[in-house]
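Descriptive structure summary
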Amino acid sequence: RSSCRRLGGGLVQAGGSLRLSCVASERIFDTSIIGWFRQTPGKEREFVAYISVGGGLTDYVSSAKGRFTVSKDNAKNTVYLQMNSLKPEDTADYYCAASLYGTYYSDYNYYTFWGQGTLVTVSS
């Protein structure tokens, strides 16, 4: 289901930066939280970051803290994931998703709306 459009994926060198954008419909954006996940072949989908639509609360996976920043622009129905100091380990397909259950922000099973993802490749 193409419920969320993401922009900004691509190839970057280690130490570089990249910004992903998730443009959602008003209906989707009005959910409790917007989360970012990533997945590599053979691994479980991993929580990266989230932001609450109403209050702007955020959290990050430990490996991303201090490097990634999630933000939102309500007027544009857009959520951004700014990724700095990228590492080869960050290479993955990145997804943004929406959930009504803020309590379970790190569990992908509670997210209702998903896009197709965008590939981020960080070269060593």
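One can find the structure itself at the top, above this paragraph.
First, a word on what this report is: a plain description of the structure on this page. (Residues numbered from 1 in each chain as written. Predicted model: local features only at pLDDT ≥ 70, side-chain atom pairs only at ≥ 80, totals over all residues. Heavy atoms only, no water.)

Each disulfide consists of a covalent bond between the sulfur atoms of two cysteine residues. One pass over the structure, following the stated rule, counts one disulfide. Linked covalently through their sulfurs, Cys22 and Cys96 form a disulfide whose S-S length is 1.9 Å. Across the S-S bond linking Cys22 and Cys96, the dihedral sits near 65 degrees, which makes this disulfide right-handed. Taken together, the residues Cys22 in strand β3 (residues 18-24) and Cys96 in strand β9 (residues 92-99) connect sequence positions 74 residues apart. Residue Cys22 is classed as buried on the basis of its relative accessible area of 2%. The exposure class assigned to Cys96 is buried, which follows from its relative accessible area of 0%. (Disulfide = S-S within 2.5 Å. Helix = DSSP H or I, 4+ residues; strand = E, 2+ residues; numbered from the N terminus. Buried < 20%, exposed > 50% of the residue type's maximum accessible area, 1.4 Å probe, protein only.)

Quick look at the side chain of Arg38 now. Here Arg38 lies in strand β4 (residues 33-39). A polar contact of 3.0 Å, which involves the side chain of Arg38, links it to the side chain of Asp90. For Arg38, the side chain forms a polar contact with the side chain of Tyr94, separated by 2.9 Å. (Polar contact = N/O pair within 3.5 Å; in protein donor to acceptor, adjacent residues only side chain to side chain.)

That is the geometry; function is a separate question.
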